[in-house]
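Below, each chain spelled out in residue letters.
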Amino acid sequence: MPKPPKNIAPPASPWQPMDSQHDASGYLSIYYSDDLSSLPIRWVTKPGDNKSDPNLETFTYGLFSTCAPGMRAGAVKRRSKHLFFATSWKGERVLTGYYDLHWYAKGVLAENDFCLAANHARFIEQPIPLPVLDRKCNTNVSGWFRGVRLLTSSECLRVLEVLNEFPDKTADYLDEIDRLERFNLKHTGYRYPSFRKTDKFSWETAPSDLLAGSAASKLAKQEKVLNTSPSGLWKCDECSKLVKNKALLKRCPNCGTVGTLRPSARG
Ligand SMILES: [Zn+2]
């Protein structure tokens, strides 16, 4: 009989407390959202590149995907408490919610690869356009930037105050994530066809090899995560098979090994 997976939910090892300073800066992080949903959930149905972060099922970022490695490393370095999320939605960038960061753990892809976990989150029903946020909070996030924007501790507190005025709709976001996963499942046989995943994300099923420091994982020797491949192709160090996906996958969908995909020039 297969052994049940070890539960790797924080505060279990190898997660460590973030120990945030009260004046720590935070981040506003952009994610891709799904226009098949009535709420700006992550892009579950993105063709050839299904999104798994922000992972509201586990309140994590970077445990299942390789997105935003610089933001994750920066948040750990700065001991950030606040991670805000924004996305392009109906033609404009909007603020949708936040994580209260509480733990971090080393990822398996490189020395500077970190996973983030929150003890609390809030996502709202009517997301706030970033120009409106700038006017309300005296922030500077409505101009174009790529991926992530650093916020001062006082900016974080002001943005937090605005979001806390709205009811927490995280449960509705989770329902929508599940609904679009079932849409994928019906049409492809997978909740996440890009990485051939049939079950939902959960701590109960999260395998320990996603984190460094577990018996099953071996930390890659690279300094930096190479998470772009201009060709969209990746070669697995373990099974030598080519894998097609826009973003780097953490786990090889062919042999199931974590941290073995490298950019490949062509197939
Ligand atoms: Zn492989």
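Before reading further, recall that the structure is shown in the block above.
I will try to describe carefully the structure that is included in this document.

Rules used in this analysis
- Residues numbered from 1 in each chain as written.
- Predicted model: local features only at pLDDT ≥ 70, side-chain atom pairs only at ≥ 80, totals over all residues.
- Heavy atoms only, no water.
- Helix = DSSP H or I, 4+ residues; strand = E, 2+ residues; numbered from the N terminus.
- Buried < 20%, exposed > 50% of the residue type's maximum accessible area, 1.4 Å probe, protein only.
- Patch = residues over 30% accessible without salt bridge, like charges linked within 9 Å, V, L, I, M, F, W, Y side chains within 5 Å.
- Areas by Shrake-Rupley, 256 points an atom, 1.4 Å probe, with all protein chains shown as cover.
- Salt bridge = Lys/Arg side-chain N within 4 Å of Asp/Glu carboxyl O.
- Lys, Arg positive; Asp, Glu negative; His and termini not counted.
- Charge placed at Lys NZ, Arg CZ, Asp CG, Glu CD.
- Donors = N, O, S within 2.8 Å, 3.2 Å for Na, K, Ca; no water.
- Tetrahedral: all angles 85-135°; square planar, octahedral: opposite > 155°, others 65-115°.
- Pairing = 2+ DSSP bridges.
- Axes fitted to C-alpha atoms, helices over the stretch in contact; angles between N-to-C directions.

This next bit is on unusual backbone geometry. A cis amide bond links Pro 10 with the next residue in sequence, Pro 11, at an omega value of 15 degrees. Mapped onto the elements, Pro 11 comes out in the segment before β1 (16–17). The linkage connecting Asp 53 with the following residue, Pro 54, adopts the cis geometry, with an omega of -5 degrees. Of note, Pro 54 is situated in the loop between β2 (26–31) and β3 (60–61). You will see that Asp 19, though not glycine, has its phi angle at about 50 degrees, which is positive. Residue position: Asp 19 is located in the loop between β1 and β2. Accessibility expressed as a relative area gives 55% for Asp 19, which makes it exposed. Despite not being glycine, Phe 59 shows a phi value in the positive range, around 55 degrees. Along the chain, Phe 59 turns up in the loop between β2 and β3.

Turning next to a negative patch on the surface. A grouping of Glu 125, Asp 168, Asp 172 and Asp 175 is seen on the molecular surface, where their side chains present a negatively charged patch. Along the chain, Glu 125 falls in strand β6 (residues 114–129). Assessed through its relative accessible area of 45%, Glu 125 is described here as partly exposed.

Moving on, we come to the coordination of the zinc ion. In the first shell of the zinc ion, the protein supplies Cys 236 (SG), Cys 239 (SG), Cys 252 (SG) and Cys 255 (SG), at 2.2 to 2.3 Å from the metal. Between the four donor atoms coordinating the zinc ion, the angles at the centre fall across 103 to 115 degrees, so the site counts as tetrahedral. With a relative accessible area of 2%, Cys 236 lands in the buried category. Its relative accessible area of 34% is what places Cys 255 among the partly exposed residues.

In this section: the sheet that holds strand β10 (residues 261–264). For sheets, the rule is that strands pair by backbone hydrogen bonds, running either parallel or antiparallel. Here we have three strands laid out as an open sheet, ordered β9-β8-β10, and antiparallel in their pairing. The open sheet has two edge strands with one neighbour each: β9 (242–244) and β10. Each strand axis lies, on average, 40 degrees off the axis of its neighbour in the sheet, ignoring direction. Both strand β8 (residues 233–236) and β9 contribute to a ladder of three bridges, which runs antiparallel. Following the sheet pairing, Leu 233 is matched in β9 by Lys 244.

A separate point is the pattern of salt bridges. Under the counting rule described, the total for this entry stands at 15 salt bridges. The shortest N-O distance in the salt bridge between Arg 42 and Glu 181 comes to 3.9 Å. Residue Arg 42 is located in the loop between β2 and β3, and its partner Glu 181 is located in helix α4 (residues 170–188); the two are separated by 139 residues in the primary sequence. Note on Arg 42: relative accessible area 2%, which makes it buried. Arg 191 is the partner of Glu 181 in a salt bridge, and the nearest nitrogen-oxygen pair spans 2.7 Å.

Any link to function would need more than the numbers given here.
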